[in-house]
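Breakdown of the fold
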Amino acid sequence: MDIELIIETLEKRFPGKLLEKSPAGFNPLVKVELTSLRETAAFLKKTKELDFDFLRCVTAVDCGEKIQVIYNLLSYAFKHKLALKVETAKAEAKVPTVSDIWPTAGWHEREAYDLVGVVFEGHADLRRILLPEDWPGHPLSKGYEFPKEYRGLTNEGKEWNIRRQKN
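As a starting point, this report considers the structure included with it. (Residues numbered from 1 in each chain as written. Predicted model: local features only at pLDDT ≥ 70, side-chain atom pairs only at ≥ 80, totals over all residues. Heavy atoms only, no water.)

**Let's talk about the overall build of the protein chain**
Test applied: The numbering of helices and of strands both runs from the N terminus, where a helix is a DSSP run of H or I of at least 4 residues and a strand a run of E of at least 2. Each residue's exposure class comes from its accessible area (1.4 Å probe, protein chains only) as a fraction of the maximum for that residue type: buried when under 20%, exposed when over 50%, partly exposed otherwise. By definition, residues are in contact when any of their heavy atoms lie within 4.5 Å. What sets the accessible areas is the Shrake-Rupley method with a 1.4 Å probe; for residues, cover comes only from the shown protein chains. The positive count covers Lys and Arg only, the negative count covers Asp and Glu only, and His and the chain ends enter neither. Charge positions are represented by NZ for Lys, CZ for Arg, CG for Asp and CD for Glu.
Broken down by element type, the protein chain carries three helices and 10 strands. N-terminal to C-terminal, the α/β element order of the protein chain is α-β-β-α-β-β-β-β-α-β-β-β-β. Projected onto its principal axes, the C-alpha coordinates of the protein chain cover approximately 70 × 30 × 30 Å. Taken over 167 residues, the protein chain has a buried fraction of 42%. Counted over contacts in the protein chain with a minimum sequence separation of 6, partners at least 24 positions apart contribute 45%. Counting every atom, the protein chain has about 9800 Å² of accessible surface; 53% of that belongs to carbon and sulfur. Of the charged side chains in the protein chain, 26 are positive and 26 negative, and the gap between their average positions amounts to 3 Å.

**Overview of helix H3 (residues 105-116)**
Here is the rule we go by: To estimate how far a helix should reach, multiply one less than its number of residues by 1.5 Å.
Look at H3: 15 Å from first C-alpha to last across 12 residues, which is about the 16 Å you get at 1.5 Å a residue. Counting buried positions along H3 gives nine out of 12 residues, so the element sits mostly inside the fold. Every buried residue belonging to H3 is among Ala105, Gly106, His108, Glu109, Arg110, Ala112, Asp114, Leu115 and Val116, and all of these are buried. Buried positions along H3 lie against strand E3 (54-62), strand E4 (66-74), strand E6 (94-96) and strand E7 (119-121). Looking one or two places after H3, you find glycine 117, whose phi comes out positive at around 100°.

**As for the pattern of salt bridges**
Pairing between side chains of opposite charge can happen when the charged atoms of each approach one another. Cut-off, in case you're wondering: A pair is scored as a salt bridge if a Lys or Arg side-chain nitrogen falls within 4 Å of a carboxyl oxygen belonging to Asp or Glu.
Within this structure, the stated rule accounts for 12 salt bridges. The closest approach of N and O atoms between aspartate 62 and lysine 90, which form a salt bridge, is 2.6 Å. Placement of aspartate 62 in strand E3 and of lysine 90 in the loop between strand E5 (81-89) and E6 is noted, with a sequence separation of 28 residues between them. On the accessibility criterion, aspartate 62 (7% relative accessible area) is buried. The residue aspartate 134 makes a salt bridge to arginine 151 at a minimum N-O spacing of 3.0 Å. One end of the pair, aspartate 134, is in the loop between E7 and strand E8 (149-150); the other, arginine 151, is in the loop between E8 and strand E9 (153-156), with 17 residues separating them in the sequence. We classify aspartate 134 as partly exposed; its relative accessible area is 45%. Residue classification places arginine 151 among the exposed positions, given a relative accessible area of 61%. A single network of salt bridges, built from pairs that share partners, joins Arg110, Asp125 and Arg127.

**Section: the side chain of histidine 108**
Looking at the secondary structure, you find histidine 108 in helix H3. Given a relative accessible area of 18%, histidine 108 falls into the buried group. In contact with histidine 108, other than residues within four places in its own chain, are Leu55, Arg56, Cys57 and Val58.

**Notes on the side chain of threonine 40**
Secondary-structure assignment places threonine 40 in helix H2 (residues 37-46). Leave out the neighbours within four places in its chain, and threonine 40 touches Leu10, Phe14, Val32 and Leu84.

So this is what it looks like as structure tokens:
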């Protein structure tokens, strides 16, 4: 099935829910309403003619007032790929989890939470994955200010220096 037919199938199944369609290029993309994410994701995975059985990655991007979350999907059986995108307000940065649909999303959603601050509602184990639990803020969100001090380390200019005790 080519990408135009995949998008047409989605339009028929979810009328009015596709907000953006970009079938051309290296990674075809559809943007769906946030409220339709889980239903669309399950449809993409479970429909035999589509069979998007592999979630390659989940990416979160801080676009200022909004946060975009992009799911890169692949069908091993049919060798087609699709990016599924949703947007949420940055002030409420909440997106439903798809980790029960694609288990690999569990790790990717934790990374997006850790670095950008997206809360994946319904995630079974949403906690930091790269940074310590008490790290201040989310480093890939716009306006993030790197801490000047953390657990005895200081950031003097360009790099962290260990504050050494005098003997």
